[in-house]
Amino acid sequence: MLFSAEPKDSIKDLFDRRVEVERFKDALNQRMVLVLGVRRVGKSSLVLSALNSLNVNYIFIDVRRIYDNVAKKVQAERLYEELYLGLLKLSRRERVRDILARSGISLEYPIKVKLPVEEIRGNILRILDGLNELGRVIIVFDEAQYLRYLTMGLRPILAHVYDYMRGITMVFTGSEVGLLYDFIGVEDPGSELYGRYYESIELRPFSVEESKEFLRAGFKELGVSVEEYVIDRAVSELDGIVGWLVYFGRLYVEKGMDALDEVKALGVRMVKRELDEVFTRSPYYRYIMKAIATLGKARWRNIMDYVMAQTGRRLTNATISRDLKNLVKMGFIERQGDEYRIIDPMVRYAMLGEY
């Protein structure tokens, strides 16, 4: 169903991503694949749907799920546990149990996770060695930029997989695109993955017409007749972020046009949690975002003047430039020429104090 809230896991439930799906399938012939796009644009759906259409073993790890918001860390034990649970799901498939048994890995659960980091590292490598023997396995790290908080160095392991485990393809999805690139470090001479080749697929929000077609198709699937002005208004206020369009479609069937305000209220609550965590990283992020939200599009000088007026502090050019660059990396704003804009309308509503 187009309006199902959970990530899609079947090609038939994806809307108008044929080009991206085929690019992703072709990219799986490479050692490393990046799937990029802002939050709630459908990255997980594309990856899961494409993988399920292929006869391939894969393990899917949602890194956000193992990120500790309080400690600001991803414990190495949690990553090991996720890999282990992924193996359990594969254990019914041909050859998996025998191969892993020969690797010295028990398939009993619950797993003993209170181990020294070096032992965890060794166990992860044994798991990967076992998977490599299967012939072909895809390992997906969803929202992989959170791996930068891992309490164990992971890049040496990833580089070892890239160089020596030809049966494994690594897929990294990320909404904080710049931070994901920083973590992987293929362009950083200090990174173990420096210079490695990768394929990159970017998912953009739907255009205005694509968004309208998505809503029309979803309502048709449900057998619901909707006036065109309803679709026009929803798209103008929710933009092309697939997740918000899905919520609107689901709620409209029950609540009519009240659904639009309810989606905005829900969306603002969701993004506020994300923003609260982000704002702990710099005292100026909040003011920068408020300046851009207020102006719609803002130039660097407008932002600098606003932040200084709100904080009463004289700031250096380097401070504002650094924070703007970081917010772009985190996927909250984008630069268009000399101007900055907020990508997600819910973030804009949250910064303006609406809903």
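Quick note: structure is the one above.
Below or above, wherever it landed, is the structure these notes cover. (Residues numbered from 1 in each chain as written. Predicted model: local features only at pLDDT ≥ 70, side-chain atom pairs only at ≥ 80, totals over all residues. Heavy atoms only, no water.)

1. A word on unusual backbone geometry
Where the residue is not glycine, phi is negative for most of them; where a peptide bond is considered, it is trans in most cases. The backbone phi angle of Glu-143 is positive, close to 55°, even though this residue is not glycine. The residue Glu-143 is located in the loop between β5 (137-142) and α6 (155-164) in this model. A relative accessible area of 5% places Glu-143 in the buried class. (Helix = DSSP H or I, 4+ residues; strand = E, 2+ residues; numbered from the N terminus. Buried < 20%, exposed > 50% of the residue type's maximum accessible area, 1.4 Å probe, protein only.)

2. Details of helix α14 (residues 317-329)
A rise of 1.5 Å per residue sets the reference length of α14, with its 13 residues, at 18 Å; its end C-alpha atoms lie 18 Å apart and thus fit the reference within 8%. Those residues of α14 lying buried are Thr-319, Ile-320, Asp-323, Leu-324, Leu-327 and Lys-329. Where the residues of α14 are buried, they touch α7 (177-184), α11 (258-279), α12 (285-295), α13 (300-311), β9 (333-336) and β10 (339-342). With its phi angle positive at about 80°, Gly-331 sits one or two positions after the end of α14. (Expected span 1.5 Å × (residues − 1). Contact = heavy atoms within 4.5 Å.)

3. Examining empty space enclosed by the protein
Per the stated rule, a full pass over the model turns up two cavities of 30 Å³ or more. The space that makes up the largest cavity amounts to roughly 80 Å³. Around the largest cavity, the lining residues are Leu-79, Leu-83, Ile-124, Leu-128, Ile-139, Phe-141, Leu-154, Ile-157, Leu-158, Val-161 and Met-170. Among the elements of the structure, α3 (76-90), α5 (117-132), β5 and α6 are those that each provide at least two residues to the lining of the largest cavity. The element best represented in the lining of the largest cavity is α6, accounting for three residues. Across the lining of the largest cavity, the residue classes tally to 11 nonpolar, no polar and no charged. (1 Å grid on protein atoms, 1.4 Å probe; cavity = no way out; pocket = protein on both sides within 12 Å on 5 of 7 lines; lining within 4 Å. Points joined across faces, edges and corners; volume = space filled by probe spheres on them. Nonpolar A, V, L, I, M, F, W, Y, C, P; charged D, E, K, R; others polar.)

4. Re the sheet that holds β10
Spatially, β8-β10-β9 is the arrangement adopted by the three strands of the open sheet, whose pairing is antiparallel. Each of the sheet's edge strands pairs with one partner strand only, and the pair in question is β8 (298-299) and β9. Taken together, the two bridges between β8 and β10 define a ladder with antiparallel strand orientation. Within β10, the residue paired with Ala-298 across the bridge is Tyr-340. Across the sheet, α12 is in contact with β8, β9 and β10; its angle to β10 comes to roughly 90°. (Pairing = 2+ DSSP bridges. Axes fitted to C-alpha atoms, helices over the stretch in contact; angles between N-to-C directions.)

5. Section: the sheet that holds strand β1 (residues 32-36)
What the five strands build is an open sheet, ordered β2-β5-β6-β1-β7; its pairing is parallel. In the strand order of this sheet, the two ends are held by β2 (57-62) and β7 (199-202), each with one partner. The average undirected angle you get between the axes of adjacent strands in this sheet is 15°. Bridge analysis of β5 against strand β6 (residues 168-174) gives five bridges, and the strand direction is parallel. Within the sheet, the bridge partner assigned to Ile-139 lies in β6 and is Met-170. Seen against the sheet, α7 touches β1, β6 and β7 and runs at an angle of roughly 160° to β1.

6. Examining the environment of Leu-352
Take Leu-352: it is sitting in the segment after α15 (345-351). Here Leu-352 falls in the partly exposed class, since its relative accessible area comes to 35%. As for Leu-352 and Ile-292, which are separated by 60 residues in sequence, their C-alpha atoms are 10.0 Å apart. Leave out the neighbours within four places in its chain, and Leu-352 touches Lys-290, Ala-293 and Thr-294.

7. Brief notes about the packing of aromatic side chains
Per the stated rule, a full pass over the model turns up 14 aromatic pairs. Pairing Tyr-80 with Tyr-84 gives two aromatic rings, centres 6.3 Å apart and planes at 75°, and the pair type is edge-to-face. With Tyr-80 and Tyr-84 both in helix α3, this residue pair falls four residues apart, about one helical turn. Note on accessibility: Tyr-80 and Tyr-84 belong to one class, buried. Among the aromatic residues, those joined into a cluster by ring pairs are Phe-3, Phe-15, Phe-206, Phe-214, Phe-219, Phe-248 and Tyr-252. A cation sits over an aromatic face here: Arg-39 above Phe-332, 4.1 Å from the ring centre. The ring of Tyr-349 carries the charged tip of Arg-348 above its face, separated from the ring centre by 5.5 Å. (Phe/Tyr/Trp six-rings, centres within 6.5 Å; stacked < 30°, edge-to-face > 60°. Lys NZ or Arg CZ within 6 Å of the ring centre and 35° of its normal.)

8. Notes on helix α1 (residues 18-27)
Of the residues making up α1, those classed as buried are Glu-20, Val-21, Phe-24 and Ala-27. In an axial view of α1, the angular spread of the buried residues amounts to 130°, which keeps them on one side of the axis. Among the exposed residues of α1, those oriented more than 90 degrees off its buried face are Arg-18, Val-19 and Asp-26. (Arc of directions from axis to C-beta.)

9. Details of the packing of α13 against α14
Contact geometry of α13 with α14 gives a least axis separation of 11 Å together with a crossing angle of 110°. The pairing of α13 with α14 is recorded here as roughly perpendicular in orientation. Regarding α13 and α14, the two cross each other, and that crossing is right-handed. Only Asn-317, Ile-320, Ser-321 and Leu-324 of α14 make contact with α13, whose side of the interface consists of Trp-300, Ile-303, Met-304 and Val-307. The residue makeup of the contact of α13 with α14, split by class, is six nonpolar, two polar and no charged. (Parallel < 35°, antiparallel > 145°, perpendicular 65-115°, else oblique. Left-handed = near helix turned anticlockwise from the far one by under 90°.)

Honestly, that's just the spatial picture; any functional story needs more than this.
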